[in-house]
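Here is what each chain is made of, one letter per residue.
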Amino acid sequence: MPKDKKTIKKVVASKPKKKGYQSVKGMHDILPKDQLYWDKIRTETKNLADYYHYGRIDTPLVEQADLFEKGVGEATDIVEKQMFVLKGGKDKLVLRPEGTASVVRAYLQHGLTHRPQPVKLYYIGPMFRKERPQEGRFRQFHQAGFEIIGDGNDAIYDAQIVLSCYRLLESLKIKKLDIQINTIGCKACRPDYRRRLVDYYKKKKVCNNCERRLKTNPLRILDCKDNKCQEFKKDAPVILDCLCADCKSQFKGVLEYLEELGLPYSLNNYLVRGLDYYNQTVFEIFAEGFDGALASGGRYDYLAKILGGKDASAVGVGIGLERVIAVMKKNEVKLTAKQKPKVFFIHVGSLAKKKSLGLIEELKNAGVRIGEALGKGSLKAQLRQADKDEAVIALIFGQKEAFEKSIIIRDLATGSQESVLLDKFIKEVKKKLK
Ligand SMILES: [Zn+2]
Ligand SMILES: [Zn+2]
């Protein structure tokens, strides 16, 4: 068919770029040598989640855009500038920029509201934001998150979320952590604080961005990195002076739990977090000597309702895993690599090579891990590899053995060896490994 031929020609003709294909800017491959860190994180997260009864949830990478426009807030950086919008189709779809809105969407969609409350969930997975790559931020990055949804705003849940996150970071050997914590009030008391902020800042010459934030999202001015705006922040009103009785006692409760646990925290009156759905407790966790927050979270009692569900108080945290790994590397955290197999399989000759994959299957089924260099033909090259891998036993399967249905078991330390029939060799190998 001429049409197909044409397509094939076109594909062949399009040459890769000079440097060869590169991964998309801000998105990175994770090579085997780095998987040690990821394995450790996944294991520790699961252990902790199991202990504290967080069930695993996986939500799709793609969601409706308005889940985040409504949930995270239209006047936030994430929604204004950082979402990857998928082209085509009649729905506006985006790659998820964060995990919490999706988790609450799933909580409502699957009627988890009817399960015993609270529902405790955790996730690990990639998120996507169109960050400016020069800031050293990633456009595809990974987060682990814990969420407790649906049982009022009891301060013990806030404390358990902070504790879960803190203990996870500790189990990853990250030391000298600082929890910065604040409350941002509720629907009843925050408007008063916003008014005071606007009154204060409208008399200052804030940056252009903050000029706009004065109208859309004045709390975000406190997050501004502009030098002048930072300077103004020093005398800005603090929310603690505006809190209603409920917010005051809720915050006091959270701090008392943290003190009881001996967790090191510092009050940061100007911590507001960049997402609209938060109320009351907000916190970030930092590691000494590292700039960005490793984890951030807070209470989001209004999100379920914003997304069209009934009221469901909730609190959660997201942990930036690339940052966690950067700190682990900086602190030279030692991870134990998987032990190398003690047995090395060697084949010599074409008949032996042909049968080698089948023999290795038998070893696998018997639970014996082996090393191999199947592509290397010579005995010498394979023995050299066995030596490099610090194997203690070599299984040598040559032409003669293939005919006789036997195999040589060689002790690599002493050089002594014996020939064993194939139907008994696994038992012999296991005996030698004891
Ligand atoms: Zn309040
Ligand atoms: Zn500013």
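Rules behind the numbers
Residues numbered from 1 in each chain as written. Chains lettered and ligands numbered in written order. Predicted model: local features only at pLDDT ≥ 70, side-chain atom pairs only at ≥ 80, totals over all residues. Heavy atoms only, no water. Donors = N, O, S within 2.8 Å, 3.2 Å for Na, K, Ca; no water. Tetrahedral: all angles 85-135°; square planar, octahedral: opposite > 155°, others 65-115°. Helix = DSSP H or I, 4+ residues; strand = E, 2+ residues; numbered from the N terminus. Buried < 20%, exposed > 50% of the residue type's maximum accessible area, 1.4 Å probe, protein only. Contact = heavy atoms within 4.5 Å. Pairing = 2+ DSSP bridges.

Bringing the coordination of the zinc ion (ligand 2) into the picture now. Taken together, the protein donors to the zinc ion (ligand 2) comprise Cys207 (SG), Cys210 (SG), Cys224 (SG) and Cys229 (SG), at separations of 2.2 to 2.3 Å. Between the 4 donor atoms coordinating the zinc ion (ligand 2), the angles at the centre fall across 106 to 113°, so the site counts as tetrahedral. Of note, the donors binding the zinc ion (ligand 2) are all from one chain and are spaced C-x2-C-x13-C-x4-C. Here Cys207, found in the loop between helix H7 (190–201) and helix H8 (208–216), pairs with Cys224, found in the loop between H8 and helix H9 (227–233); they are 17 residues apart in sequence, far enough to count as distant. Across this residue pair, the class does not change: Cys207 and Cys224 are buried.

This paragraph deals with the environment of Thr113. Residue placement: Thr113 occurs in the loop between helix H5 (100–109) and strand S5 (119–128). Looking at Thr113, the relative accessible area reads 17%, which means it is buried. Spatially, the C-alpha atom of Thr113 lies 47 Å from that of Arg369, the residues being 256 residues apart in sequence. Ignoring any residue separated from it by four or fewer positions in sequence, one finds Thr113 in contact with Tyr107, Leu108 and Lys310.

Once that is clear, we can look at the pairing of strand S11 (residues 314–320). Across the 7 residues that make up S11, a large majority, 7, are buried. Residues Ala314, Gly316, Gly318 and Gly320 line one face of S11 and the alternating positions Val315, Val317 and Ile319 line the opposite face, and both faces are buried. Across 7 bridges, strand S6 (residues 140–149) lies against S11 in antiparallel orientation. Across the sheet, residue Ala144 finds its bridge partner in S11, namely Ile319. The pairing of strand S10 (residues 295–299) with S11 spans 5 bridges and is antiparallel. Counterpart to Gly298 in the pairing with S11 is Gly316.

Expected angles at a metal are 109.5 degrees for tetrahedral coordination by four donors and either 90 or 180 degrees for octahedral coordination by six donors. Within the protein, Cys186 (SG), Cys189 (SG), Cys244 (SG) and Cys247 (SG) serve as the donor atoms for the zinc ion (ligand 1), at 2.2 to 2.3 Å. Donor residues binding the zinc ion (ligand 1) come from one chain and are separated in sequence as C-x2-C-x54-C-x2-C. A residue pair is termed long-range when its members are at least 10 positions apart, and Cys189 in the loop between strand S7 (177–183) and H7 and Cys244 in the loop between H9 and helix H10 (245–261) qualify at 55 residues. Note on Cys244: relative accessible area 21%, which makes it partly exposed.

Purely spatial values, then, with no claim about function.
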